Amino acid sequence: MPAAMTTPDPDRLLAEVSELVARFAPPGAKLERTTELTSDLSIDSVAAMDLVMEIEDRYGIDVPVNEIADLVTLGDLVDLVARQLGARG
Amino acid sequence: MDIFDKYQTLAARRAQLLATGTDPFHLEIEDLAGPCEATIAGRRTILLGTNNYLGLTFDPACIEAGVEALRRYGTGTTGSRIANGTYAGHRALEAELAAFMGRRAAIVFTTGYQANLATIAGLAGNKDAIFVDSDWHASIFDGCLLSGAKVVRFRHNDPEDLDRRLERNPTPGGCKLIVVEGLYSMFGDVARLAEIVAVKKKHGAFLLLDEAHSFGVFGARGRGVAEELGVEGEVDFVVGTFSKSLGGIGGFAVSDHPRFELLRVAARPYMFTASPGPATIASVRAALARIAARPELRARLWENARCLHAGLTRLGFELAAPPGPILSIRLPDERSAVFAWNRLLESGVYVNLALPPGTPGGACLLRCSVSAAHTAEHLETVLDRFASLAAALAQPLAAE
């Protein structure tokens, strides 16, 4: 079951998403809004889609694949999740 | 800034791979001695990574058909199907494929890649949603993106997850298209098609099944996994390729949908490329006839697959799926996979090296594909080489 059914506040959302990102990142990697998924965390295009799938399950949302390619930073990912949660209402 | 700067990470990985020995992704085959043996780096090598499941690339009837077509119709069509590129052979092959698959109509494409690209992008539009298995082939991914539809991935071979995602993604004014593969090309596992069909029916979705690796291999007549599992009637569109069991190059899609032929004027990857050459069409027609007439090829392939799977398991290798035409061996990391691939090649066995991001879940694989044309001696030699590899992998790699 999704853990959160309403949009969490931005800081909490960043913390929650960072927790999921950490599973795909090198141990001990610094996770901030400006952290780049590919160049800083070595998360390739396929791993990014798997990461998004974890996020989808956590929040009960579906992020269209078409939008994943545009993600550069952790902040972009958090904003995308926030948009999807907002769209769901 | 240079236009290639964005590939810095890729370039570094490539340089690292090249430093270990032969380039695994551009291996040069110098000569061939039948479907299962080649000369590579001057060495006689057993081919165990070619998708030549039925060994038809050297079938005399297929070769003769191709040669005759070359002489009669020339080397190429020089035009697309919607211009000057539709010959009698293209139409005949389409009729034969439709009959073989028990479908109303078939469309032939120039490559297997384009078959998925054209069919998916032709079927789905910007009001539709595509629900696609997360272990998708690149051609499915690209077809999804080209379509402009909303694309939702579901967990690999997980009908329950598919059900949930269909539930929470309504498509007002549009349709839902599910895309799965019969036999997944990296791990060699088979789709849970009966359960996927049940979910499809529940949600009123369309189902497209890519039988690229399963055509000619599964089912009583070789039609694929849908035939094997008795659900052909529930699959709306089947895509296949000529470059595996049929031993050629090209692809096809078949359907019973009464408006299926509209793809001929709607699917851009079909419309805006030259049609398959006459020799290819002729050899594929001959190969299709061979598959229909010689079910023993399929039986032989499965016998070989079971033999090799059992032998590799005995040697302690971890195989990703039960016996089948694709036998993928999991290795712990990229370094050991690259080492193992080079070691096998040096000992005269070619397999595919599969690494992330080209593999699901970051897996590092030695991907073997079995052929009906492999002899008992081939398999014996292969297992002998894998035994040596197992011994080498048991030692620390730094010692190599």
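The rules behind the values
- Residues numbered from 1 in each chain as written.
- Chains lettered and ligands numbered in written order.
- Predicted model: local features only at pLDDT ≥ 70, side-chain atom pairs only at ≥ 80, totals over all residues.
- Heavy atoms only, no water.
- Patch = residues over 30% accessible without salt bridge, like charges linked within 9 Å, V, L, I, M, F, W, Y side chains within 5 Å.
- Areas by Shrake-Rupley, 256 points an atom, 1.4 Å probe, with all protein chains shown as cover.
- Salt bridge = Lys/Arg side-chain N within 4 Å of Asp/Glu carboxyl O.
- Helix = DSSP H or I, 4+ residues; strand = E, 2+ residues; numbered from the N terminus.
- Buried < 20%, exposed > 50% of the residue type's maximum accessible area, 1.4 Å probe, protein only.
- Pairing = 2+ DSSP bridges.
- Contact = heavy atoms within 4.5 Å.
- Buried area = accessible area lost by both parts, 1.4 Å probe.
- Nonpolar A, V, L, I, M, F, W, Y, C, P; charged D, E, K, R; others polar.
- Phe/Tyr/Trp six-rings, centres within 6.5 Å; stacked < 30°, edge-to-face > 60°.
- Axes fitted to C-alpha atoms, helices over the stretch in contact; angles between N-to-C directions.

> How would you explain a nonpolar patch on the surface if you had to name every residue and give the values?
Nonpolar side chains collect at one region of the surface, where Ile3, Phe4, Tyr7 and Leu10 of chain B lie side by side and expose about 480 Å² of accessible area between them. Note on placement: isoleucine 3 of chain B falls in the segment before helix H1 (8–19).

> Which residues make up the pairing of strand S15 (residues 364–369) of chain B, and what values do they have?
Residue and element names in this part refer to chain B. Of all six residues in S15, six are buried; the element is thus mostly enclosed. Where burial is concerned, the two faces of S15 agree: the one with Cys364, Leu366 and Cys368 and the one with Leu365, Arg367 and Ser369 are both buried. Where strand S14 (residues 352–354) and S15 come together, three bridges link them in antiparallel fashion. The residue of S15 that forms the bridge with leucine 353 is leucine 366.

> Would you mind going over the interface of chain A and chain B in detail, with residue names and values included?
Frequently, the measure chosen for interface size is the accessible area that the parts lose on association. With 15 residues of chain A at the contact, the number on the chain B side is 19 residues. A buried area of about 1,400 Å², summed over both sides, lies between chain A and chain B, and 48% of it is on carbon and sulfur atoms. Where chain A meets chain B, there are seven salt bridges. As a salt-bridge pair, aspartate 57 of chain A and arginine 155 of chain B come within 2.8 Å of each other at their nearest N and O atoms. Secondary-structure elements contributing two or more residues to the side of chain A that touches chain B are helix H2 (45–59) and helix H3 (65–68) of chain A. Ranked by residue count, the leading element in the side of chain A that touches chain B is H2 of chain A, at seven residues. Of the residues assigned to the side of chain A that touches chain B, the class counts are seven nonpolar, two polar and six charged.

> Give a detailed account of the packing of aromatic side chains, specifying residues and quantitative values.
All names here are of chain B. Applying the stated criterion across every chain, the model contains twelve aromatic pairs over all chains. Judged by centre distance (5.4 Å) and plane angle (65 degrees), the ring pair of phenylalanine 215 and phenylalanine 252 falls under edge-to-face. Taken as a pair, phenylalanine 215 in the loop between strand S8 (206–210) and helix H8 (225–228) and phenylalanine 252 in strand S10 (residues 251–255) lie far apart in primary sequence, 37 residues in all. A relative accessible area of 0% means that phenylalanine 252 is categorised as buried. Note on phenylalanine 317 and phenylalanine 386: the rings are 5.4 Å apart at their centroids and 85 degrees apart in plane angle, and the pair reads as edge-to-face. Residue phenylalanine 317 is found in the loop between helix H11 (296–314) and strand S11 (318–319), and its partner phenylalanine 386 is found in helix H13 (residues 376–393); the two are separated by 69 residues along the sequence. The residues phenylalanine 317 and phenylalanine 386 share a single accessibility class, namely buried.

> So what about the sheet that holds strand S9 (residues 237–241) of chain B? Which residues, and what values?
All names here are of chain B. Taken together, seven strands build an open sheet; the order of strands is S4-S10-S9-S8-S7-S5-S6 and the sheet is mixed. Two strands bound the open sheet, and with one partner strand each, they are strand S4 (105–109) and strand S6 (150–154). The sheet shows a mean angle of 20 degrees between the axes of neighbouring strands, taken without regard to direction. Pairing between strand S7 (residues 176–181) and S8: five bridges, direction parallel. Each bridged residue has a counterpart across the sheet, and for valine 180 the counterpart in S8 is leucine 209. Contacts between helix H5 (residues 138–147) and the sheet are confined to strand S5 (129–133), S6, S7 and S8, with S5 contributing the most and set at about 170 degrees to the helix.

Read these as layout, nothing more, since geometry by itself doesn't imply function.
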